[in-house]
Amino acid sequence: MELKFSKMNGNGNDFIVINNMDLSVDPTCMGSLARQLCKRRFSIGADGLISIEPSKDAHFTMHLVNSDGSLAEMCGNGARCAALYAFKMGIAPRNMTFSTPAGNIEASITPNGVSISMGRLSLEGVTQEQSMTVEGQNIVYWHLTVGVPHTVIFLPTSAPQSKEALRELSIAIQGDIKRFPHSTNVNYVKLYKDSLHTLTFERGVGDFTLSCGTGSIASAVVAWLRGMVKPPVEVQNPGGVNLVHFKEIQKNLLKVSLEGPAEFSFEGVVTIE
C-alpha cells in the first residue's frame, strides 16, 4: 500500500508522522514499520514514527514508536509535533487534549511553537545523588521518570568529553538492567550562566538526538533540586532551545509544561508491503 507521511522535527529531534485515524495501518505493525522507515540512509530516516490514532476520551491518540521498534510512552518533542500535525490536518483544535501511554496531554498551538502540559510530576520517586562505577569511572547520577526514565549526570563546565566516550558510557549505563530494569535515557548536563546545556542519549534510538523534550524537563527539575536554576528554565539542546515551566503545587509535587518549536520538514508517499 501507499502511505502518505509528513516528516517533522522539534529542535532536530525528527519523526515520521502518519494520519491513522481510520486505522488503515494495523497499530500492532507499528514496530516493524518504524524499523523499516526510520532507518537512515536506507529509507526516510527518523528518530521515531508517530501514528495519529483515534481516542475514546481525547481528540486523538499519539502512538509513538522509537526507531528500533520499541514503544515510547512519552516524548516531549514528539508530542509537540503530533499536536501541530493534528491541528494542521484538522484533527484537533488549537487547544487540544490527546492520549499517550503516559496519560493524557494538554497542548496549545502558540505563535512561538507548541506548549504542552506534562501534568503533575512527583518528586518522591526521584533518586538523588547516587554513585555507580561504569567503565572504570565513578559516576554521580540522579534518576527520575518524566513519562519515560531519565538518568541525569552533571559534567564540569571546564572538562570536555568526546561524544564517543559519552556514547560508550551511555551504552554501559543502559545495559545496567539491575539498576535500570526498563533501561534509561541518559542526560549529560552543563550549566552556563542561567541556562542548561543538555545532551541526551536516547533509549530506543541508540544514539544522541539533537533534542529531547522529556530530557530537558528532567535536566531542569534536577538542576532546580540542586539549587542551580529557577523556573522557567532555558535548556539548550544541540538542535535548539526547550523552555521548561514548572511550579510546586504542594510538597514534592510539580506542575510541569514544556514549550518549544515544532516544524514540518517535508511530505511524501512511501510504498510499504
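Parameters and conventions
- Residues numbered from 1 in each chain as written.
- Predicted model: local features only at pLDDT ≥ 70, side-chain atom pairs only at ≥ 80, totals over all residues.
- Heavy atoms only, no water.
- Helix = DSSP H or I, 4+ residues; strand = E, 2+ residues; numbered from the N terminus.
- Rg over C-alpha atoms; globule rule 2.2 N^0.38 Å.
- Buried < 20%, exposed > 50% of the residue type's maximum accessible area, 1.4 Å probe, protein only.
- Contact = heavy atoms within 4.5 Å.
- 1 Å grid on protein atoms, 1.4 Å probe; cavity = no way out; pocket = protein on both sides within 12 Å on 5 of 7 lines; lining within 4 Å.
- Points joined across faces, edges and corners; volume = space filled by probe spheres on them.
- Phe/Tyr/Trp six-rings, centres within 6.5 Å; stacked < 30°, edge-to-face > 60°.
- Lys NZ or Arg CZ within 6 Å of the ring centre and 35° of its normal.
- Pairing = 2+ DSSP bridges.

## Observations regarding the overall build of the chain
A tally of helices and strands in the chain yields 4 helices and 17 strands. Taken against the 2.2 N^0.38 rule, which gives 19 Å for 273 residues, the C-alpha radius of gyration of the chain at 18 Å falls within 12% of a compact globule. With the C-alpha coordinates of the chain rotated into their principal frame, the extents come out at 50 × 40 × 30 Å. Relative to its 273 residues, the chain shows a buried fraction of 53%. Expressed as a percentage of contacts within the chain between residues at least 6 apart in sequence, the contacts between residues at least 24 apart total 61%.

## Some thoughts on empty space enclosed by the protein
A probe as big as a water molecule, rolled over the atoms, marks out the empty space that is left. Scanning the model with the defined rule gives 1 cavity of 30 Å³ or more in all. Its boundaries defined by the atoms lining it, the largest cavity holds a volume of some 130 Å³. If you trace the largest cavity, you find 17 residues lining it, with Asn66, Ala72, Met74, Glu202 and Arg203 closest to the centre. Counting residues per element, the ones that place at least two in the lining of the largest cavity are strand S2 (13–19), strand S4 (60–66) and strand S10 (148–154).

## Structural notes on the packing of aromatic side chains
Tallying each qualifying case throughout the model produces 7 aromatic pairs. On the basis of an interplanar angle of 10° and a centroid distance of 4.8 Å, the ring pair of Phe60 and Phe98 is categorised as stacked. Here the residue Phe60 occupies a position in strand S4, and Phe98 occupies one in strand S5 (residues 95–100), the gap between them amounting to 38 residues. Phe98 carries the same exposure label as Phe60, and that label is buried. For the pair Trp224 and Phe246, a centre-to-centre distance of 5.4 Å together with 70° between the ring planes defines the contact as edge-to-face. Pair noted here: Trp224 is in helix H4 (residues 213–225) and Phe246 is in strand S15 (residues 240–250), with a separation of 22 residues, a long-range link. The partly exposed category is assigned to Trp224, whose relative accessible area is 22%. The class of Phe246 is buried, set by a relative accessible area of 7%. Between the NZ or CZ atom of Lys39 and the centre of the ring of Phe42, over which it lies, the distance is 4.8 Å. Looking at Arg226, its charged tip hangs above the ring of Phe154, at a distance of 4.2 Å from the centre.

## Some details on the pairing of strand S1 (residues 2–10)
Among the 9 residues of S1, 7 are classified as buried, and the element is accordingly described as predominantly covered. The sheet contact formed by S1 and strand S17 (residues 263–271) spans 8 bridges and is antiparallel. Residue pairing across strands places Lys4 opposite Val269, the latter belonging to S17. Between S1 and S2, which pair antiparallel and follow one another directly, the connecting turn spans 2 residues, one of which, Asn11, has a positive phi of 55°.

## Concerning the pairing of strand S7 (residues 113–122)
Relative to S7, strand S6 (residues 103–110) is paired through 5 bridges, and the arrangement is antiparallel. By the bridge assignment, Ser108 is partnered in S7 with Ser115. Counting the residues between successive antiparallel strands, the hairpin from S6 to S7 contains 2 residues. Bridging between S7 and strand S16 (residues 253–260) involves 8 bridges; their strand directions are antiparallel. The residue of S16 that forms the bridge with Val114 is Gly260.

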